[in-house]
Amino acid sequence: MYHIEVKLFNTPEVLMKQKKVLFPFRKAEALFYYLIVNKEASRDELVHLLWGDIEETTARKNLRNAIYKIKKAFGLEVLVSPKKSIVMLNPEFIFNSDVENFIKNDNPLQAYKGLFLKGFFVKDGESFEEWMYLKREEFRERYVKIIYEIVTNHNHKQDRSIEIYGRQLIEADEFDERAYRILMKYYSETGASNKAIALYNKLKTALENELGVLPENLTTGLYNEIVMMREQPEKKKNYNSLSFYGRKKELEAIKHFYRQFNTLEETRGVLIQGEAGIGKTKLKEIFLQQIEKKDTYIIESNCYQAEKEYLLKPWNPVFSRLIDIIIENEIQFPDMWINSIACLFPAFARLNNAKSNPLLVKEDILQYHMAAEVIIEVLSMITINKKIILVFEDLQWMDDMSWQLLKSILQSKKGIKIFFIGTAREGYELEIDEWLVHLVKEDKLDKITLRRFTNKEVGEFIQLSLPKLSISDEGLKEIYEDTEGNTFFLVEYINSIQGSDTWGRISSKTQDILKSRFIDITEEGIKILNLLSLFFHRVPIDILWDITGKDAVEIMDILEEIQRKGIIREIVESDKVSVEFTHHKLREFIYNRQSFTRRKLLHNKVGKVLEGRLKKDYSDRLLYSTLAYHFKEAGNFESALQYSIQNLNIYLDYCHELFPTMVDMPQEPDSVFAISDLQILKHFEMIEEMMIKGDNTIEKIELINSRQAFLHMKGRYLIRLGEYKEGVKYIHQLLEYAEGYKNSDYALKGYLQMIYYGIQTHQTELMREYIQLAQRIAVEKKLFDIKGVLTRLLGLNKMMIGEYKEAEKLMIESINHFSKNKELSQKYAMNIAACYNYLGELRRYKKEFKCALIYYDKAIKICKESKVYRSLSFFSTCAGQAAMDMDSYTEALNYFHEAVKYYNRYDLVWRRSVAEGYLALLMVMKGEVSTAIEHLEYAEEYADKMQSPYEYGLIMRVKAEIKDKMQQHKELEEVLKEKLDKKVEEYCNIGLGYLQQFNYSYEADHLKALLRKDSK
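Conventions adopted
Residues numbered from 1 in each chain as written. Predicted model: local features only at pLDDT ≥ 70, side-chain atom pairs only at ≥ 80, totals over all residues. Heavy atoms only, no water. Helix = DSSP H or I, 4+ residues; strand = E, 2+ residues; numbered from the N terminus. Buried < 20%, exposed > 50% of the residue type's maximum accessible area, 1.4 Å probe, protein only. Contact = heavy atoms within 4.5 Å. Areas by Shrake-Rupley, 256 points an atom, 1.4 Å probe, with all protein chains shown as cover. pLDDT = per-residue confidence, 0-100. Pairing = 2+ DSSP bridges. Axes fitted to C-alpha atoms, helices over the stretch in contact; angles between N-to-C directions. Core = buried A, V, L, I, M, F, W, Y, C linked by side-chain atoms within 4.5 Å. Polar contact = N/O pair within 3.5 Å; in protein donor to acceptor, adjacent residues only side chain to side chain. Expected span 1.5 Å × (residues − 1). Phe/Tyr/Trp six-rings, centres within 6.5 Å; stacked < 30°, edge-to-face > 60°. Lys NZ or Arg CZ within 6 Å of the ring centre and 35° of its normal. UniProt positions renumbered as here; feature names shortened; annotations may be inferred. Salt bridge = Lys/Arg side-chain N within 4 Å of Asp/Glu carboxyl O. Parallel < 35°, antiparallel > 145°, perpendicular 65-115°, else oblique. Left-handed = near helix turned anticlockwise from the far one by under 90°. Patch = residues over 30% accessible without salt bridge, like charges linked within 9 Å, V, L, I, M, F, W, Y side chains within 5 Å. Lys, Arg positive; Asp, Glu negative; His and termini not counted. Charge placed at Lys NZ, Arg CZ, Asp CG, Glu CD. Nonpolar A, V, L, I, M, F, W, Y, C, P; charged D, E, K, R; others polar.

Per an unreviewed UniProt entry, the protein is named DNA-binding transcriptional activator of the SARP family, and its organism is Natronincola peptidivorans.

Q: Can you help me understand the overall build of the protein in this one?
A: Secondary structure summary: the protein contains 46 helices and 15 strands in total. Counting the 1016 residues in the protein, one finds 56% classified as buried. For the protein, restricting intrachain contacts to residue pairs at least 6 apart in sequence, the fraction spanning at least 24 positions comes to 70%. Accessible surface, the protein: about 45,900 Å² in total, of which carbon and sulfur atoms supply 48%.

Q: Before we go on, may I ask you to explain the environment of Leu-921 in this structure?
A: Its location among the elements puts Leu-921 in helix 41 (residues 912-926). Sequence separation between Leu-921 and Lys-965 is 44 residues, and the spatial gap between their C-alpha atoms is 9.8 Å.

Q: Is there a simple way to think about the confidence of the model for the protein in this case?
A: Interpretation of the predicted coordinates at a detailed level should be avoided for regions scoring low in pLDDT. This prediction gives the protein a mean pLDDT of 83; 89% of its residues lie at or above 70. Note that residues 354-366 has pLDDT below 50 and, in this model, 40 contacts with residues that lie over four places away or in other chains. Taken together, the stretch residues 662-673 has pLDDT below 50 and engages in 64 contacts with residues farther than four places along the chain or on a different chain.

Q: Would you mind going over the sheet that holds strand 14 (residues 568-573) with me for this structure?
A: Across a sheet, paired strands are connected by hydrogen bonds in the backbone, their directions being either parallel or antiparallel. An order of 13-15-14 is seen for the three strands of this open sheet, with the pairing classed as antiparallel. With partners counted over all chains shown, the strands left at the sheet margins are strand 13 (539-540) and strand 14, one partner each. Bridge count for strand 14 against strand 15 (residues 576-581) is six bridges, and the pairing is antiparallel. The partner of Arg-569 across the bridge, within strand 15, is Glu-580. On the sheet, helix 24 (residues 552-564) packs against strand 14 and strand 15 and is oriented at approximately 120° with respect to strand 14.

Q: Mind showing me how you'd approach the nonpolar core here?
A: One recurring pattern in soluble globular proteins: nonpolar side chains tend to sit buried together. Ranked by internal contacts, the top residues of the largest apolar core, which has 267 residues, are Phe-32, Phe-74, Phe-128 and Leu-529. Leu-529 has contacts with Phe-518, Ile-521, Ile-562, Ile-567, Ile-568, Phe-581 and Ile-590, leaving out every residue within four places of it along the chain.

Q: Even after reading the chapter, I still don't get the side chain of Glu-1003, so can you show me in this structure?
A: Summarising the element assignment, Glu-1003 is placed in helix 46 (residues 1003-1015). Looking at Glu-1003, its side chain comes within polar contact range of the side chain of Arg-844, at 3.0 Å.

Q: Which parts of the structure should I look at to understand helix 40 (residues 889-906)?
A: Because an α-helix packs 3.6 residues into every turn, residues spaced three or four apart end up facing the same way. The terminal C-alpha atoms of helix 40 lie 26 Å apart, and with 18 residues this matches the ideal 26 Å at 1.5 Å per residue to within 8%. Every buried residue of helix 40 is listed here: Ala-892, Leu-893, Tyr-895, Phe-896, Glu-898, Ala-899, Val-900, Tyr-902, Tyr-903, Arg-905 and Tyr-906.

Q: Explain the packing of aromatic side chains to me, please; I cannot follow it from the model alone.
A: The geometry of two aromatic rings is summed up by the distance between their centres and the angle between their planes. By the definition in use, this model includes 52 aromatic pairs. Where Phe-9 meets Phe-116, the ring centres are 6.5 Å apart and the plane angle is 70°; that geometry is what we call edge-to-face. Linking Phe-9 in the loop between strand 1 (3-7) and strand 2 (13-16) with Phe-116 in the loop between helix 5 (108-111) and helix 6 (126-152), this pair joins segments that are 107 residues apart in sequence. With respect to class, Phe-9 is no different from Phe-116; both count as buried. Sitting above the plane of the Tyr-148 ring, Arg-178 keeps its charged end 3.7 Å from the centroid. The residue whose ring lies beneath Arg-587 is Tyr-591, and the NZ or CZ to ring-centre distance is 5.5 Å.

Q: Quick question: what am I supposed to make of the pairing of strand 15 here?
A: Consecutive residues of a regular strand have side chains that alternate between opposite faces of the sheet. Taking burial as the measure, the six residues of strand 15 include five buried ones, the bulk of the element. The pairing of strand 13 with strand 15 spans two bridges and is antiparallel. Of the residues in strand 15, the one forming a bridge with Pro-540 is Ser-578.

Q: Please clarify how the environment of Ala-1009 should be interpreted in this entry.
A: Among the structural elements, Ala-1009 can be located in helix 46. Sequence-wise, Ala-1009 and Cys-988 are 21 residues apart; in three dimensions their C-alpha atoms are separated by 9.5 Å.

Q: I keep staring at the sheet that holds strand 4 (residues 40-42) and nothing clicks. Help me out?
A: Ordered by their spatial adjacency, three strands build an open sheet running 4-6-5, and the pairing between neighbours is antiparallel. Each having just a single partner strand, strand 4 and strand 5 (79-80) make up the two edges of the open sheet. Looking at chain direction, strand 5 and strand 6 (residues 86-89) are connected through two bridges and run antiparallel. Paired with Val-80 across the two strands is Met-88, which belongs to strand 6.

Q: Mind showing me how you'd approach the UniProt feature "coiled-coil region" (unreviewed entry) in the protein here?
A: Taking the UniProt record as the reference, the feature "coiled-coil region" (unreviewed entry) is found at residues 955-986. Taken end to end, residues 955-986 has its terminal C-alpha atoms 13 Å apart, with 75% of it in helix and 0% in strand.

Q: Would you mind going over the pattern of salt bridges with me for this structure?
A: Side chains bearing opposite charge may pair, as long as their charged atoms lie close to each other. On inspection of all chains with the given rule, the structure shows 52 salt bridges. For Lys-527, the salt bridge is made with Glu-523, and the minimal N-O distance between the two is 3.9 Å. Here Glu-523 and Lys-527 lie together in helix 22 (residues 523-532), a separation of four residues that amounts to about one turn. Residue Lys-527 is classed as partly exposed on the basis of its relative accessible area of 40%. Relative accessible area serves as the criterion here: at 59%, Glu-523 is assigned to the exposed category.

Q: I would appreciate a short explanation of the environment of Phe-818 in the present structure.
A: Here Phe-818 lies in the loop between helix 35 (804-817) and helix 36 (822-827). Classification of Phe-818 as buried rests on a relative accessible area of 0%. In this structure, the C-alpha to C-alpha distance between Phe-818 and Asp-785, residues 33 residues apart in sequence, is 8.0 Å.

Q: How should I be thinking about helix 7 (residues 160-172) in this particular structure?
A: If you check helix 7, its first and last C-alpha atoms are 19 Å apart, about what 13 residues at 1.5 Å a residue would give, namely 18 Å. Along helix 7, the residues classified as buried are Ser-161, Ile-162, Glu-163, Tyr-165, Gly-166, Leu-169, Ile-170 and Ala-172.

Q: For this particular structure, what's the right way to read the side chain of Glu-29?
A: Its place among the elements puts Glu-29 in helix 1 (residues 26-38). Here the side chain of Glu-29 touches Tyr-33 through a polar contact of 2.5 Å, side chain to side chain.

Q: It is not clear to me how the packing of helix 43 (residues 949-968) against helix 45 (residues 984-995) should be interpreted in this structure. Could you clarify?
A: Axes are the key here: two packed helices are described by the angle between their axes and the distance separating the axes. Packing of helix 43 against helix 45 leaves a shortest axis separation of 8 Å and a crossing angle of 160°. Our classification of the angle between helix 43 and helix 45 gives roughly antiparallel. Crossing of helix 43 against helix 45: the hand is left-handed. For the pair formed by helix 43 and helix 45, the contact residues are Pro-949, Tyr-950, Tyr-952, Gly-953, Leu-954, Met-956, Lys-959, Ala-960, Lys-963, Asp-964 and Gln-967 on the first element and Val-984, Tyr-987, Cys-988, Ile-990, Gly-991, Tyr-994 and Leu-995 on the second.

Q: How should I be thinking about a negative patch on the surface in this particular structure?
A: Together, Asp-53, Asp-124, Glu-126 and Glu-130 line one region of the surface with negative charge. Relative to the helices and strands, Asp-124 is located in the loop between helix 5 and helix 6. Using a relative accessible area of 51% as the deciding quantity, one classes Asp-124 as exposed.

Q: It is not clear to me how the packing of helix 22 against helix 23 (residues 541-548) should be interpreted in this structure. Could you clarify?
A: Packing of helix 22 against helix 23 brings their axes to within 11 Å, and their N-to-C directions diverge by 115°. Judged by the inter-axis angle, helix 22 sits roughly perpendicular to helix 23. Classified by chirality, the crossing of helix 23 by helix 22 is right-handed. Contacts from Ile-528, Leu-531 and Leu-532 of helix 22 reach helix 23 at Leu-544, Ile-547 and Thr-548. For the contact of helix 22 with helix 23, the per-class residue count stands at five nonpolar, one polar and no charged.

Take a look at the structure:
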């Protein structure tokens, strides 16, 4: 008798005489499986099952052929038809099926190996697939029910089999929360709470990503209980003298500063300084363990050397924690506040369930200045009922923008209850002193410096830690020489001989001390450590799952082994579990002992995994700097270039168009922070270096795309600074690439930059040429918004060449273009405001000053309503010029002061020299000569930056008028004679040389009048 083995659970397989039976086509195979389950079927039933969509005669022919092919595959009459209408399995054969064993309850858990017919698919077999899916679900539900019955009746809840059953249930249904709760309880009761937490996080991630929902309340409640139980033992720790030696004085100092903070209830901080390994972090940890935490949030972050050039990175974990606090306490903020902060920290958009600000567009993606004040307001509200202890470690690696934000918070007068603790290494005083000096002067910060232990203190430390160990004075001297009194190496030294109660001098000092920590780590543990060492910051456990492909529980087993050695520690924040090295020297040791090739391969692997997490929205910004770092270390210059450019572009993508598209911002800020020019230039150098290295390794087209992005980015930056020669050179190179490779996007960007360059330097022909080129692309690509912007720019061009009527027509056309609906008018509010401002300029050129002020004030009103304050600098300057020339000096003074306020705030230069120059003249008229000199020097500086002949001409007008007043007042002559050493006539003639090239410059008439007056 023939025995045929049929496995239908998981991937199906048929064996006869231990050899696999291969079917000629899928429908024949499906027919056989159907009969294995049902034993027999009518021909009508089989025809409908597999060929129901074709003509009956053909279908029956196909059935006969399939039966023939099945018999041929076995070489036996495995199917028979005792009645012509019936097809059945041959009763003379023994068909041993796992499905039958499962149904008969013959060891069902052993029989069920996975989903019924997993991965099996029949083309054009909808009826069969419907039957298959129904059976699959029937068997799965039966399997799950059997397991639940076993678990429910199990008397020993800590039996290892519970874990096996739990895993089987989850494998059967990855969204079955009851199964997760069983396994979480098991882990909690057996002391593996970290596995329970990891399991919950895996479930939460799966539910959010696949179904868009959160775990049930029962599951979340169990998770919270486990977290609380896990934290309780931590609170009971008693830090005795052995665990914390020699820093009592410093600890009491921090406590004293903290008591002062609690009394005054205003921001205050302490900086702990000392060399690496001296005990800064331990001192901080002991302080945090000993204080009352009932009304306190503790938020910690680290700064890393490799991330010093990546802006605001240290603040990301801070804002992630703030989001959790806000959600937990149901604190409500205006959407405009949330959108403002989300510009810098995209995760903040979670608070209003928006992936991005609908009014936030690429041209003006970051208004750092506006966000600073909003952050302070948010912190003020969060700390109404609870204070915050904010910790930053390794401040010497903090980037400039992060420093500015920290400084703004600590100097705030808003009553924020934040106690700041910072640690910093010695030897980096220059990097941090410039930021700290003002905080120390204002009594906002105190400093504590940790020194190495003396020879005597090292002896006491060893004796307290190893009381049974007998060491001679000479031996203690040798230990002191090996460790040099550094706390970290003393602790590592003690760890290396702990338990042996014998002492022998350690060779190779630090390397051997460190090496001893890793002797008993398994091969799998070392592999995980190798991965962890690639990261400078905490590593979420789910990233390790993705990189290694290992099961979450297996990863937790390995991590627990390493954790017991004190090499890494686990951090649980809200529902996220991460791990990090207990000390940076351990990370450095593991990282540096890997081969260069291994590090490159691992960095690339990490980069690819993180790249797979990008969501294609602006929250991806959080990963750009990390991706750039890993790909650069991997030698993957193509990807490193891509993300380095994207990362820098985030911070340079404020609008280089003179008037930004509208961003919904909250209120006028009292403090600002921005990226420094030095940092930007460092980024440019780094990117250029990568492009050179990538010449031979990056695909030509990818390198060209990166080059275009870089050329545009650097060119517009230099043009903004007034570095025209270099900036235009980069834009010309961009246009060569863009036009040569038919890249209309970059061609348009290049044309716009050349137009702005033409505006700033009053080159009207050049403007017109590039406006026409840009219009061609806008028409071809049907770019509606760009057409409206170009209409305004063309109107400005007409105005600059004296065609006022045509200019006014185009400005009104641009206003109408963007006023077609509310959304468009909001988005392009500043374009509309700019048009009104230029309509004011047209009136001013005609000396219709009162009418001009109506248009300027309309532009200013739109600006303030839209809360885009940066453009107020330019609008207020234009209004000030009109007020000045109608002799309304008080009104002019107010406009110019308003303009300079915003010029300072946003570091803008467009027409700043004019505002500064007129303020100099007004200050002379008021008798405030020293202030006048200061404004005049600024006017000269910014005129030189812009190199605008119009601005140079107006500065000459200011100097001529001041010189005229000096001739009338001897005391003024005495003070200003060195500053203004030319005659009125000379200043007038120089100014006329600049202004007479402009049709619209009525200011030339003022100079001519002064010349006539001076010649009398």
